[in-house]
Amino acid sequence: IFDRSALYHAAAEYRWTMFSTTCISGGNFRLYAPNSQGTIFSDTGGAVIRNKEFGVYLGAEKDLLNKNLKFSATARVDKNENFQILFSPAATIVYISNKQIFRTSISSAIRNPTLADQYILMNVGRAVLKGNLNGFDSLVTVSSFIDALDNGKSYLQYFNVAPIQPEEVKTIEFGYRGSIWKDKFFYDISYYHSWYTNFIGYK
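The rules behind the values
- Residues numbered from 1 in each chain as written.
- Predicted model: local features only at pLDDT ≥ 70, side-chain atom pairs only at ≥ 80, totals over all residues.
- Heavy atoms only, no water.
- Core = buried A, V, L, I, M, F, W, Y, C linked by side-chain atoms within 4.5 Å.
- Buried < 20%, exposed > 50% of the residue type's maximum accessible area, 1.4 Å probe, protein only.
- Contact = heavy atoms within 4.5 Å.
- Pairing = 2+ DSSP bridges.
- Helix = DSSP H or I, 4+ residues; strand = E, 2+ residues; numbered from the N terminus.
- Axes fitted to C-alpha atoms, helices over the stretch in contact; angles between N-to-C directions.
- Phe/Tyr/Trp six-rings, centres within 6.5 Å; stacked < 30°, edge-to-face > 60°.
- Patch = residues over 30% accessible without salt bridge, like charges linked within 9 Å, V, L, I, M, F, W, Y side chains within 5 Å.
- Areas by Shrake-Rupley, 256 points an atom, 1.4 Å probe, with all protein chains shown as cover.
- Salt bridge = Lys/Arg side-chain N within 4 Å of Asp/Glu carboxyl O.

## Side note on the nonpolar core
Inference 1: Grouped together as the largest cluster of nonpolar side chains are 10 residues: Y32, I40, F41, I49, F83, L115, Y119, L133, I164 and I200.
Inference 2: With residues near it in sequence (within four places) discarded, I164 still touches F83, P113, D117, N132 and I200.

If you want it as structure tokens, here you go:
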């Protein structure tokens, strides 16, 4: 295995206050530069792989009701050159009363496919691991291939695989934290539920 891959990353953030509201903005940029000479990725025969992505975000935090109520919201936009623009907003409300804390949040996040998910091309003996940037058409199921060896091509069963896409998740959470017995016993109770789209896993 030959690996001289590189990752270039830059990030910046700025905070300021306006109308008693704390504001935050920032962004990041990444350039992936794999170099495996075909031993890991599909950079064979002099092919060069470069993958760029960036993200920007804007958020605000505000204290209300004599700082008993805290509200925050953020919005983020991400773009990888191989995929569509993705938007991931989030908001949180926290209420504090007599050392009892109630919180509710709605959030979203994304995860771009890794370089391996997109570009891997590795011979591991009994199989070749191949990235799925462009999808696959007219693949044959293993069971039908075995049947076709004995019974002919008519037994072949075909299927397609869609190109890999960024993983997206939306989450809602409720929480309650407090104490009893003169602050000798603390408890933190939370419930959350997540909805995934294009979950990235392996079969």
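## A word on the sheet that holds strand β5 (residues 86-97)
Inference 1: Reading across from one edge, β1-β2-β3-β4-β5-β6-β11-β12 is the order of the eight strands in this open sheet, with antiparallel pairing throughout. Two strands lie at the open edges of the sheet, namely β1 (6-18) and β12 (185-197), each paired on one side alone. Recorded for the sheet is a direction-independent mean angle of 10 degrees between the axes of neighbouring strands.
Inference 2: Here 10 bridges tie strand β4 (residues 69-80) to β5, and the two strands are oriented antiparallel to one another. Residue L69 lies in a different strand from β5, and its bridge partner there is Y95.

## Describing the packing of aromatic side chains
Inference 1: In this structure the tally under the stated criterion is six aromatic pairs.
Inference 2: Ring centres of W181 and F185 lie 5.7 Å apart, and the angle between their planes is 50 degrees; this geometry places the pair in the tilted category.
Inference 3: For W181, a relative accessible area of 63% gives the class exposed.
Inference 4: Centroid distance Y196 to F199: 5.3 Å. Interplanar angle 90 degrees. Geometry classified as edge-to-face.
Inference 5: Its relative accessible area of 48% is what places Y196 among the partly exposed residues.
Inference 6: Residue F199 is classed as exposed on the basis of its relative accessible area, which comes to 58%.
Inference 7: Among the aromatic residues, those joined into a ring-pair cluster are F102, Y176, W181, F185 and Y187.

## Notes on the pairing of β5
Inference 1: Turn length for the β4-β5 hairpin, with the two strands adjacent in sequence and antiparallel, is five residues.
Inference 2: Where β5 lies against strand β6 (residues 100-111), seven bridges are found, and the strand directions are antiparallel. Directly across from I96, in β6, lies its bridge partner I101.
Inference 3: Here β5 folds back onto β6, and the loop between the two strands holds two residues, one of which, N98, carries a positive phi near 50 degrees.

## Examining the side chain of S25
Inference 1: For S25, the location among the structural elements is in strand β2 (residues 21-33).
Inference 2: Among all residues touching S25, those that are not within four sequence positions of it are A12, E13, Y14, W16, Y57 and L58.

## Section: a nonpolar patch on the surface
Inference 1: Taken together, the side chains of V140, V142, F145, I146, L149 and Y158 make up a nonpolar region of the molecular surface, amounting to roughly 630 Å² of accessible area.
Inference 2: Here the nonpolar patch takes four residues from helix α2 (residues 142-151), the largest share from any one element.
Inference 3: As for its placement among the helices and strands, I146 is situated in helix α2.

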